[in-house]
Amino acid sequence: MNAIAQATSLQASLEAALPPGTVSSNESIREFAAHDVYRRGATPILVIRPTSVADLQTAVRLVTSAGCNVVARGGGASYTDGYVPTDDNTVSFDLAALNKIVAIDATNMTVTVEAGCTWADLHSALAAQQLRTPFFGPFSGIAASVGGSVSQHAVSHGSGRYGPSADSVLSVDVVLANGALLRTGSAAFDQADDTQHAFFRHNGPDITGLFCGDCGAFGIKARVTLPLIKAPPYTEALSFHFDSFRALHAAMRDIAALGLDDENFGLDAALQQGQIARNAATKQQLGLAWQVFHRAPSVWQGLKSIVAIAVAGDRHLREPGYAVSYIVKGHSDKAARHNASSIRAAALPHGHEVPNTVPRVVASLPFAPLENVLGPNGERWVPIHGIVAHDQAVSFHDRFSALMATYEDRCQTHGVWTGAMFQAIGSSAFLYEIAFYWPDELQPYHAGTLDEAFLKRVPKHAPNAAAAALVDELKEKAIALYSEIGAVHMQIGKAYPFAGRLSPPSNNLLQSIKTAVDPQRVMNPNALGL
Ligand SMILES: Cc1cc2nc3c(=O)[nH]c(=O)nc-3n(C[C@H](O)[C@H](O)[C@H](O)COP(=O)(O)OP(=O)(O)OC[C@H]3O[C@@H](n4cnc5c(N)ncnc54)[C@H](O)[C@@H]3O)c2cc1C
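Residues numbered from 1 in each chain as written. Predicted model: local features only at pLDDT ≥ 70, side-chain atom pairs only at ≥ 80, totals over all residues. Heavy atoms only, no water.

(A) Examining the overall build of the protein more closely. When you go through the protein residue by residue, the secondary structure sums to 19 helices and 18 strands. Over its C-alpha trace the protein gives a radius of gyration of 23 Å, about what one expects of a compact globule, namely 24 Å for 530 residues. Taking the principal axes of the C-alpha coordinates as reference, the protein spans close to 70 × 60 × 50 Å. Across the 530 residues of the protein, 56% fall into the buried class. In the protein, 76% of the contacts between residues at least 6 apart in sequence involve partners at least 24 apart. In the protein, 39 positive and 46 negative side-chain charges are present, and the distance between their average locations comes to 4 Å. (Helix = DSSP H or I, 4+ residues; strand = E, 2+ residues; numbered from the N terminus. Rg over C-alpha atoms; globule rule 2.2 N^0.38 Å. Buried < 20%, exposed > 50% of the residue type's maximum accessible area, 1.4 Å probe, protein only. Contact = heavy atoms within 4.5 Å. Lys, Arg positive; Asp, Glu negative; His and termini not counted. Charge placed at Lys NZ, Arg CZ, Asp CG, Glu CD.)

(B) Structural detail: the pairing of strand β14 (residues 322-330). Across the nine residues that make up β14, a large majority, nine, are buried. Alternating residues of β14 divide into Tyr322, Val324, Tyr326, Val328 and Gly330 and Ala323, Ser325, Ile327 and Lys329, and every residue in both groups is buried. As judged from the six bridges shared by strand β13 (residues 263-268) and β14, these two strands associate in the antiparallel manner. Bridge pairing links Asp268 to Tyr322 in β14. (Pairing = 2+ DSSP bridges.)

(C) Examining the packing of helix α8 (residues 245-258) against helix α12 (residues 333-347) more closely. Viewed as axis vectors pointing N to C, α8 and α12 meet at an angle of 150°, and their least axial separation amounts to 9 Å. Seen along the crossing, α8 lies across α12 with a hand that is right-handed. The segment α8 lies against α12, with Ala251, Ile255 and Leu258 engaging Ser342, Ile343, Ala346 and Ala347. Its residues assigned to classes, the contact of α8 with α12 comprises six nonpolar, one polar and no charged. (Axes fitted to C-alpha atoms, helices over the stretch in contact; angles between N-to-C directions. Left-handed = near helix turned anticlockwise from the far one by under 90°. Nonpolar A, V, L, I, M, F, W, Y, C, P; charged D, E, K, R; others polar.)

(D) Representation of the site of the ligand in the model. Close to the ligand lie 35 residues; Ala72, Gly74, Ser78, Ser149 and Ser156 are nearest. For the ligand, an oxygen atom lies 2.7 Å from a polar atom in the side chain of Gln152. Note that an oxygen atom of the ligand is positioned 3.4 Å from one of the backbone N or O atoms of Cys215. Here the ligand, which alone exposes 970 Å², has 96% of that area covered by the protein. Elements represented by at least two residues in the shell around the ligand include exactly β3 (69-73), α5 (146-152) and β10 (220-227). Considering each element in turn, the shell around the ligand owes the most residues, five residues, to α5. (Near = heavy atom within 4 Å. Polar contact = N/O pair within 3.5 Å; in protein donor to acceptor, adjacent residues only side chain to side chain. Areas by Shrake-Rupley, 256 points an atom, 1.4 Å probe, with all protein chains shown as cover.)

Right, dumping it as structure tokens:
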């Protein structure tokens, strides 16, 4: 059968088995599924949007038995080619409609969601019951799904104290390549799909962990169960400024060792003055202050916040150097303040305190619209990152700065610039993220994701293949630098080296697991280097 006949026959069998509207061969829907924010891949032959776990199982079984490849797309907010098809024989699974909150169990302190549920939806449903998950989402959580984050690892909200997304997972239900549903953790004993036994992760070997960070190469997550905590109602926010990266890093390392912050993020001057300063510009401060007021635990605290934001303005964001922000939570005002003062004491030997506008806004509006997928002047954007041991952070910074110095003229010619963001993850790891910006035309991803009014406002750029090629080159050089200092990566997708970088025993194990769960190697081919 030729490719067109095969696609038509697969579509017919899928349409016969699934509810109307689940399967699409529409050109613009397939074109949208071919892109992430950075790259265009192959166009999928079909896009399937299941609304139930049973339909997801049926569809995966039919697609793989037709010999086609499968990629899963959650919120689509990644930029490492993770869900971008690599060949013309791929069916894309859009999980956005598999998004129910299945059960909030306040007795057993667990929540089960379908994989396409966004972090923003989960967070607001839990907040209504004064509950929270320990890690509660990336900054992109307005779009990013629980399944997508768990599948590629994510950090940010809650990661200071509770680590990355994988540390807040009890159990996953995964649809394997043959359509079978595999359950993990304490739910692994269940024979049926409808029992509620996902209350503990560590039940023999950590099979849940195998699927955390698999980038969909081992199967498609259908449901995720996460632990709950009582949402701490009191928040303190702090920001500090440092003259050098070395000082910033020393402070972040010392503070991370205390284990007191709910989240932290450091920024270099370019990001403070660009992205963050854009969002915190004075003209927007009233709206932001209102958000902060609205979410404060008391009217008095809310009023204090409004006054603080109005007085602070955004002058401090324009200082050269580096800044880090902390969000500290507590079950009493006293506990939050106490932890904040310990953080302050650890930071001040290295720098000075500045107004806390940015973390206050982030704490009250954790899931902002995805406008940061463009630069402040409408530039294209792509970040890369490495997670390094603390004793490598300064060395990486120096080597990356030296690399960029050799590219200074070419960057200037093509309008390419970079910014950097940092996060301490728990006490032992340091995330160094580099964002590249370049003038170039927008992609279907932007048109399909960003608000129309916002898109009208931003400056537009002509196609710029030379600038894009330079960013590609810089990205590869930076990834090689990360490897040289032993950095590891979340969001491996198809952009970071993985299988080939593993030692032979680890690689053999990885390959055997892949063969066991996906013998035909049809689940997200090339992800993780498989
Ligand atoms: C503005 C912005 C801010 C961001 N901030 C952060 C941040 O603070 N922290 C952070 O870590 N990242 C951040 N990111 C990156 C990204 O959004 C997150 O990592 C997020 O977790 C991705 O989730 P998603 O649902 O969009 O996944 P997708 O992009 O849809 O998919 C990611 C990967 O997981 C696979 N996948 C998706 N769903 C499933 C499933 N159900 N089963 C199996 N595989 C699946 C895909 O095939 C792909 O390989 C940001 C991105 C943007 C655009």
